[in-house]
Amino acid sequence: QVQLVESGGGLVQAGGSLRLSCAASGRIFRIGAMGWYRQAPGKQRELVARIISGGSTNYADSVKGRFTISRDNAKNTVYLQMNSLKPEDTAVYYCNADYAFNNYWGQGTQVTVSS
């Protein structure tokens, strides 16, 4: 079983920055792909960014050039550096991870960007 715990959300003004962290714990040998998704009120959950264990990344078009995903494999932790935040980035951000043919979700962290 894998537990994912997010941190780093909060309230920020437009143009500001936040850094999200997600630590995976449990009996983990080598965690697979990790990523961040978000869900705004009344909208479907969408992929924000994803990174595989080798470091390759992909991003939603809406965040390219503003967000950077990274990971520390030794700590089983994934980060999301969010710069130039916009009000439309407001959502609950969820961490996601693949491990041993299963997929896991964190509990979510709220990010609110004021205009």
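Everything quoted here is computed from the prediction, not taken from an experiment.

## A closer look at the state of the cysteines
Line of reasoning, step 1. Applying the stated criterion across every chain yields a total of one disulfide.
Line of reasoning, step 2. Between the sulfur atoms of C22 and its disulfide partner C95 the distance amounts to 2.0 Å. Residues C22 and C95 are joined through a disulfide that is left-handed, its torsion about the S-S bond being -80°. Here C22, found in strand β3 (residues 18-26), pairs with C95, found in strand β9 (residues 91-99); they are 73 residues apart in sequence, far enough to count as distant. Of the two residues, C22 and C95, neither departs from the other in class, the shared state being buried.

## Digging into the pairing of strand β1 (residues 2-7)
Line of reasoning, step 1. On β1, burial follows the alternation: V2, L4 and E6 on one face are buried, whereas Q3, V5 and S7 on the facing-out side are not.
Line of reasoning, step 2. The pairing of β1 with β3 spans six bridges and is antiparallel. Bridging from a neighbouring strand, V5 pairs with A23 of β3.

Cut-offs used in this document
Residues numbered from 1 in each chain as written. Predicted model: local features only at pLDDT ≥ 70, side-chain atom pairs only at ≥ 80, totals over all residues. Heavy atoms only, no water. Disulfide = S-S within 2.5 Å. Helix = DSSP H or I, 4+ residues; strand = E, 2+ residues; numbered from the N terminus. Buried < 20%, exposed > 50% of the residue type's maximum accessible area, 1.4 Å probe, protein only. Pairing = 2+ DSSP bridges.

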